[in-house]
Amino acid sequence: AATTRAEGAGADGQLILKGRYLPKHCESLLRKYIKEYVTCEMCKSANTVLKKDSSTRLSVVECSNCGAFRTAQSIKSGYHSVTRGDRRAAKQAKG
């Protein structure tokens, strides 16, 4: 099975993928990232800006098309998409 290895500097706001991923996992990770930090929930446009609100210190996705805005999860030490393995481990830790 082929794997993808990707890494970048990140200084200019690029998405950095660290580690080895199967292409289907890369696609899934990108889709989740785009849903959380790029796509407008109102008009489904990708013409958005991710900002940090200085007063509340929340990350905000603002749509340049319809003007809607919403808060997004803060990225503290890198975006981590919850995987099936993570959910399984959490379930086992509970029980």
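You'll find the protein entered in an unreviewed UniProt entry as Translation initiation factor IF2/IF5 domain-containing protein, with Polarella glacialis given as the organism. The heading Sequence similarities (unreviewed entry) in the UniProt record of the protein holds the text "Belongs to the eIF-2-beta/eIF-5 family."

Caption draft 1: Layout of the sheet that holds strand β5 (residues 69-72). Overall, antiparallel pairing links the three strands, which are arranged β3-β4-β5 in an open sheet. Looking at the sheet topology across the chains shown, the edges are occupied by β3 (48-52) and β5. Going from strand to strand, the sheet's axes swing by 30° on average, the running direction of each strand aside. In this structure, β3 lies alongside strand β4 (residues 59-63), joined through five bridges in antiparallel fashion. For valine 49, the partnering residue across the bridge sits in β4 and is glutamate 62.

Caption draft 2: Highlighting the pairing of β4. Among the five residues of β4, four are classified as buried, and the element is accordingly described as predominantly covered. In this structure, the hairpin formed by β3 and β4 is closed by a connection of six residues, where arginine 57 is found at a positive phi of approximately 60°. Linking two consecutive strands that pair antiparallel, namely β4 and β5, is a turn of five residues; a positive phi of about 85° is found at glycine 67 within it.

Caption draft 3: Inspection of helix α1 (residues 23-37) at higher detail. For α1, spanning 15 residues, the distance from its first C-alpha to its last is 21 Å, which sits close to the expected 21 Å at 1.5 Å a residue. All of the buried residues along α1 are Cys26, Leu29, Tyr33 and Tyr37. Summarising the axial view, the buried residues of α1 lie within an arc of 65°, below the 170-degree limit, and thus occupy one face. The outward face of α1, more than 90 degrees from its buried face, is lined by the exposed residues Lys24, Arg31 and Lys35.

Reading the values: the criteria
Residues numbered from 1 in each chain as written. Predicted model: local features only at pLDDT ≥ 70, side-chain atom pairs only at ≥ 80, totals over all residues. Heavy atoms only, no water. UniProt positions renumbered as here; feature names shortened; annotations may be inferred. Pairing = 2+ DSSP bridges. Helix = DSSP H or I, 4+ residues; strand = E, 2+ residues; numbered from the N terminus. Axes fitted to C-alpha atoms, helices over the stretch in contact; angles between N-to-C directions. Buried < 20%, exposed > 50% of the residue type's maximum accessible area, 1.4 Å probe, protein only. Expected span 1.5 Å × (residues − 1). Arc of directions from axis to C-beta.

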